[in-house]
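# An overview of the molecular structure
Okay, here's what each chain looks like letter by letter:
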Amino acid sequence: MMFFFLFSVSGNASTPEFKKKKNSECLLRLRHEGLLNSCPAGVASCPASSCPFRSPRSPRLKLLESALLLGPRPTAGGMEFSELIRTGRAQAELLRGPGAPPLRGTLCVTGHHLLLSPGPQATSDLWLLLLRSVDSIEKRVAGDSGTITLRCKDLRVLQLDIEGVEATLDIARSIEALSSLESVITSFPFFYRPKGLRLGDAWHFHPPEHHYKRVARETNAWRLSEVNEDFSVCPSYPRAVIVPRAVDDDALARSARFRQGGRFPVLSYHHAPSGTVLLRSSQPLTGPQKRRCAEDEELLRAVLAGARPGARGFIVDTRSAQAAKQARMTGGGTEAKAAYPGWKRLHRPMERGRPLQESFVRLVEACGDLEQSMDRWLSRLEGCRWLAHVKEALSTACLAAQGMEREGACILVHGAEGTDSTLLVTSLAQLILDPLSRTMTGFQELVEREWIQAGHPFQLRCAHSAFSHARPKHEAPTFLLFLDCVWQLGRQFPLSLEFGEGLLLALFEHAYASPFGTFLCNSEKERCLCEVRTRTHSLWSGLNQPKEQRKLRNPLYVLNPLAIWPSVEPQSLRLWQGLFLRWTRPPEPSEAAWEKVWQIVTDKEKTEGSQPTVSASEPQP
Amino acid sequence: MEHIRTTKVEQVKLLDRFSTSNKALTGTLYLTATHLLFIDSHQKETWILHHHIASVEKLALTTSGCPLVIQCKNFRIVHFIVPRERDCHDIYNSLLQLSKQAKYEDLYAFSYNPKQNDSERLRGWQLIDLAEEYKRMGVPNSNWQLSDANREYKICETYPRELYVPRIASKPIIVGSSKFRSKGRFPVLSYYHREKEAAVCRCSQPLSGFSARCLEDEHLLQAISKANPVNRYMYVMDTRPKHRMQSWWATQKDIGRIIVRISSKIWNDEKIRESHEQKRLNAMANRAAGKGYENEDNYSNIRFQFVGIENIHVMRSSLQKLLEVNGTKGLSVNDFYSGLESSGWLRHIKAVMDAAIFLTKAIMIENASVLVHCSDGWDRTSQVCSLGSLLLDSFYRTIRGFMVLIEKDWISFGHKFSERCGHLDSDPKEVSPVFTQFLECVWHLTEQFPQAFEFNEAFLLQIHEHIYSCQFGNFLGNCQKEREELKLKEKTYSLWPFLLDDQKKYLNPLYSPKSQAVAVLEPNTVSFNFKFWRNMYHQFDRTLHPRQSVFSIIMNMNEQNKQLENDIKDLESKIKQHKNKQTDGVLTKELLHSVRPESPTLKTSLCFKEQTLLPVNDALRTIEGSNPADNRY
């Protein structure tokens, strides 16, 4: 059945015997990889009426769809992927850059993937690319063949040489259309059913209750509030948030009305050794009239009272004083000193939004040029300012962490919306202070709690990566900046993080395009509406499979109970070559060296492991 | 001694130049005949060798005392505050005297005594035997022989006594050629590639002028090309850069017919070719002044290649600029990179590396012999020959091999260490970080090929330290003749045995000598592979360093693995024995005792006391340094 589908789309079902065999093999392999347990063309689009994957579509889903489908409007009810696929198949050669040999075979476009099935005598496996990860596409035709250059969101550049001008143009158009679909519920995670994983697994690894349990063990000044249970108080917060025990839900709701997007101050991290807390929120809506809100003031007062008598607080505003003042004109603003006794405001301007995206684009451009002179490279590295942003982010996080650990002060972080640089600062500060967040599970929990559940709008921020020609609207590599900062921490404290560069690279890739549902949507509310938790797999269950571990772990990890204070001098920061130059340079000897490190570590474990056996084999007296 | 007026000052403050915390360390400053010593209240000692001091500066008096800033050649910068101005003045004057010695005999090496007897000292000096090294390369052989022409330093004072030349080059030819070459440095063998039967030779520039030619020199070059049975063509690499002689070039159109023939196998890029054309201009200028490069018409079978490495003065000011930039307190990321760019330092490093790669390719791909020269043939030529050999031959990537390489291409061929490092109070215009650049190139290679080198970064830093320390005799003087006159082998000690004794500290735990992939190194010189070497230029600014060292931890693990494996073997054999004897009680006791491995802490020997390079001990000590107060957030 599936076989029939795949090639009926292509229209020219010429099927000699060997091809048939080859194709069914290919499908078997796909099924094995968990890519074909659902109809490759997507919901309700399969032209064959007997497609077993035609999913029942509930009325509620349809309603949702109309709300969430931002892409091209479906013509007749459902989304017809087949309309977008002009040619399913062509002969092509794929060039993958330095280090990887070119591949020849049959190219095939499906609803979510680009497949290259190598010729019958080829030994290599099927090659597969998620269409969602294509950032920009460029086509050129010459004579009777064409070339398509695909620039991917993970910064890879691929070249396809295709036989036939018509086929080239058709495939290019199909990829273009399919890779830019914005609908969430027809995206691949909703069809991805990998072998060995169960739906629903790992989605409940890190609920807010889990974090609260830890906080409650350390202090009883805080409670878990379900004021946002139906997402009506704050659409970008999760169902449950941790707030001062002394403040009731009504006050929270009123404080929320005083904060942009309803993001009232909530607990982000409780630092047990000093008894201080890290909070985050959005800007207060003081406006030009300098409005105040008694409940909001009460909330922050309660925070200080809960910490210890006479405790001080710092409000770290991630905008410049000037920008914060200007925000008043548009209804925003910042906390007035008189209204919040005990709190002192600090301004640490951080780049965000479009300038950050442009910085990313320019850095990637510079990294793609292998011929440039030393001087040109250094001046482009300087000009893109990326490392300056890394320094800003790290030093602001250190400032917040230092305030808690050294000065015993409570810290509230916010910028404007409180969904970008705010999260960058709070999550990095935790990594610096909290040894638990430096473990494999602790870090995953941190990402889940401080980024995904805290409402970083991944769908908007990661819609395009550095290659897209589209005018950036909401795109910004804030999460990538976070990963880069973590990488810098890992470089300065190579033994203190349980995870390695591999995990950071994986998170980068999956944030931009993923078969898993973890990074879908912009908030918990949207994820709930799309039933992401029940209908897609969690990235964490994918990553935590034993076979993935060697790629993701740091073999040298030893628990370090202390805070890790990085150096933020420019001499100590380095370009993250593993990410930005990952595809432009041939495989490095350093990878072999890394293998050797693993070998030494496993040797050590082995020899140590064999010790008890020696003592055990000792004759008992 | 007569320079020291105050030997001890109390209540001196030591400031960290990057930390923002105003809590300076308070302690006592001692001035000895050889060192400046600061002991803080935690009994931590900071030793500064007088010879390492590059400059001392007394700043304007402040309320807390008189600031004294000392800059060292090993890139340490210390900032003391001495409470009384008189003391400060005394120390300032003493240091000015002590850091600049007029005579070799006053250098530390002549008084340094590591408690070795004479035979041990002699054995130390014999550790590196260059005759042995040439034998290892495969010379003398049917094409190359040892020449005794310079046995008495009669032909060339700055060359060693033993020189290898083509067998068919007779003594008159050698003598004739040496008269044609600047400072008598005629073409001799530097490295012989046994497999390809190709040679790397070195010399200085010819004193050709416009019409002058020297038949002997032409014969000698012929002899070198004939000594290569596989490829009769040879390359002459002029390592000097272009010059501002455009107008002169324009009027001398006829010279344009001397077109550099560049092998298409190596350089087929039109752009590269053009830039090399430009670089030839400097050589043209030299030629007008009676010095210059070989006229191609007079030499057959020769291809000329120009690579642009700048001279010692450009390099000196480039490093100065670099140090100025990265010494700035509160440096922003952008200022750092624009400073790095305008200093040109990494561009120079890349130029040296590119030249060495050209040499390697000429030998490996074309099987051609290469003759390298610059002006005098002791700076850029040493850089290119030694780096090229390092790429070609994995022996030089071992600890001992690297020592041999330095002895061969730098010490014996007369790199002017004393002048370039400013050992004595002499012409500051002769000082230049040529050797430092070589070490940096090697460091870049260790970064690109982490498994190809037996030694680690600490080894390079330690050698750099001793280039300037004047503690050992190896780097004193400017050539072998001078060293013999100073009787260094009788009066001073060699550095190498001390490094070998401490070998453990310098081992690279990832070294895999058998890996075929690293037989000949082919580094990638894309711009982004060149990075600022923080551990060199900020080796004493601990707050800028990674707080935990991967190398030392892997090293320790490796050590422990070995120890544990030995323990296991030991125990197993003991179990066998004891099983035979059936005496169990003793065994259990022994087991408990020996199973716990001692973590291998590496002792620092006395002579390296002043070093605090890359703390070998792991987490605790390094994490201690991780303090928010050390940083500006």
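Residues numbered from 1 in each chain as written. Chains lettered and ligands numbered in written order. Predicted model: local features only at pLDDT ≥ 70, side-chain atom pairs only at ≥ 80, totals over all residues. Heavy atoms only, no water.

Stated formally: UniProt positions are given in the numbering used here, feature names are shortened, and annotations may be inferred rather than shown by experiment.
As recorded in an unreviewed UniProt entry, chain B goes by Myotubularin related protein 6 and comes from Equus asinus. One UniProt comment on chain B, placed under Sequence similarities (unreviewed entry), says "Belongs to the protein-tyrosine phosphatase family. Non-receptor class myotubularin subfamily."

By the naming in an unreviewed UniProt entry, chain A goes by Myotubularin phosphatase domain-containing protein and is assigned to Equus asinus. If you open the UniProt record of chain A and go to Sequence similarities (unreviewed entry), you find "Belongs to the protein-tyrosine phosphatase family. Non-receptor class myotubularin subfamily."

## Remarks on the nonpolar core
Where a protein is soluble and globular, its nonpolar side chains tend to be buried together. Put simply, the rule is: To form a nonpolar core, buried Ala, Val, Leu, Ile, Met, Phe, Trp, Tyr and Cys residues must be joined to one another through side-chain atoms within 4.5 Å. The rule is simple: take the accessible area with a 1.4 Å probe, protein chains only, and divide by the maximum for that residue type; under 20% is buried, over 50% is exposed, in between is partly exposed.
One finds A:F443, A:F482, A:F580 and B:F402 to be the most contacted residues of the largest nonpolar core, which totals 229 residues. Judged by nonpolar contacts, the second largest core, of 34 residues, contains A:A221, A:V233, A:C234 and A:V266.

## So, the sheet that holds strand β13 (residues 343-347) of chain A
Residue and element names in this part refer to chain A. Worth spelling out the cut-off: Two strands make a pair as long as DSSP finds a minimum of two bridges between them. We count a stretch as a helix when DSSP gives it H or I for four or more residues in a row; a strand needs E for two or more, and each element gets its number in order from the N terminus. Only C-alpha atoms enter the line fits that serve as axes; for helices the fit covers just the stretch in contact. Angles between N-to-C directions range over 0 to 180 degrees.
Sheet architecture is open: 5 strands sit in the order β10-β11-β14-β12-β13, paired in mixed fashion. Single-partner strands in this sheet number two, and they are β10 (266-271) and β13. Put simply, the sheet's adjacent strands are angled 20° from each other on average, direction ignored.

## What about the packing of aromatic side chains?
The test is simple: Side-chain rings of Phe, Tyr and Trp (the six-membered ring for Trp) are treated as a pair once their centres are within 6.5 Å; stacked means planes under 30 degrees apart, edge-to-face means over 60, and tilted covers the remaining angles. A positively charged side chain is recorded as over a ring if its NZ (Lys) or CZ (Arg) lies within 6 Å of the ring centre. The angle to the ring normal must also be within 35 degrees.
By the definition in use, this model includes 46 aromatic pairs over all chains. Both rings, one in A:Y237 and one in A:F264, keep their centres 5.4 Å apart while their planes meet at 85°; by these two values the pair is edge-to-face. Linking A:Y237 in the loop between β8 (222-225) and β9 (241-244) with A:F264 in the loop between α7 (249-257) and β10, this pair joins segments that are 27 residues apart in sequence. Taking 5.4 Å as the distance between ring centres and 45° as the angle between the ring planes, the aromatic pair formed by B:F38 and B:F80 counts as tilted. Taken together, the positions of B:F38 in strand β3 (residues 35-40) and B:F80 in strand β7 (residues 77-82) put the pair 42 residues apart, joining distant regions of the chain. With respect to burial, B:F38 and B:F80 carry one shared label: buried. Here a set of aromatic residues connected by ring pairs shows up, and it is made of B:F402, B:W410, B:F417, B:F435, B:F438, B:F453, B:F455, B:F459, B:F475, B:W496 and B:Y506. Positioned over the ring face of A:F467 is A:R151, at 5.9 Å from the centre of the ring.

## Quick word on the pattern of salt bridges
The criterion, for reference: Any carboxyl oxygen of Asp or Glu within 4 Å of a side-chain nitrogen of Lys or Arg constitutes a salt bridge here.
Summed over all chains, the structure comprises 53 salt bridges over all chains. A:R214 is paired through a salt bridge with A:E218; the nearest N and O atoms lie 3.7 Å apart. Here A:R214 pairs with A:E218, and both are found in helix α6 (residues 208-218), just 4 residues apart, close to one helical turn. The partly exposed category is assigned to A:E218, whose relative accessible area is 32%. Among the ionic contacts, a cluster of salt bridges with common partners joins B:D379, B:K416, B:E419, B:R420 and B:E430.

## Considering the interface of chain B and chain A
The test is simple: We call two residues in contact whenever any of their non-hydrogen atoms come within 4.5 Å of each other. Take the accessible area each of two parts loses on contact, using a 1.4 Å probe, and add the two losses: that sum is the buried area.
The partner chain A presents 67 residues to the 65 residues of chain B that form the contact. Surface buried jointly by chain B and chain A totals about 5900 Å² across both partners, of which 63% is contributed by carbon and sulfur atoms. The largest per-residue losses of area from chain B upon contact with chain A belong to B:Y337, B:F528 and B:Y633, which jointly make up 15% of the total buried on that side. On inspection of chain B and its partner chain A, the count reaches 2 salt bridges. Between B:E447 and A:R574 there is a salt bridge, and its shortest N-O distance comes to 3.6 Å.

## Quick word on the sheet that holds strand β10 (residues 188-193) of chain B
Residues and elements named next belong to chain B. One open sheet holds the 5 strands; their spatial order is β10-β11-β14-β12-β13, and the pairing between them is mixed. Strands at the two margins of the open sheet, each flanked by one partner only, are β10 and β13 (302-306). The mean inter-strand angle of the sheet, taken between neighbouring strand axes irrespective of direction, is 20°. Here strand β12 (residues 234-238) pairs with β13 via 5 bridges, running parallel. Bridging from a neighbouring strand, M234 pairs with I302 of β13. Packing against the sheet, helix α5 (residues 215-226) makes contact with β11 (198-203), β12, β13 and β14 (369-373), and its axis sits at approximately 125° to β12. Contacts from helix α10 (residues 345-366) reach β10, β11, β12, β13 and β14 within the one sheet, and its direction differs from that of β12 by about 180°.

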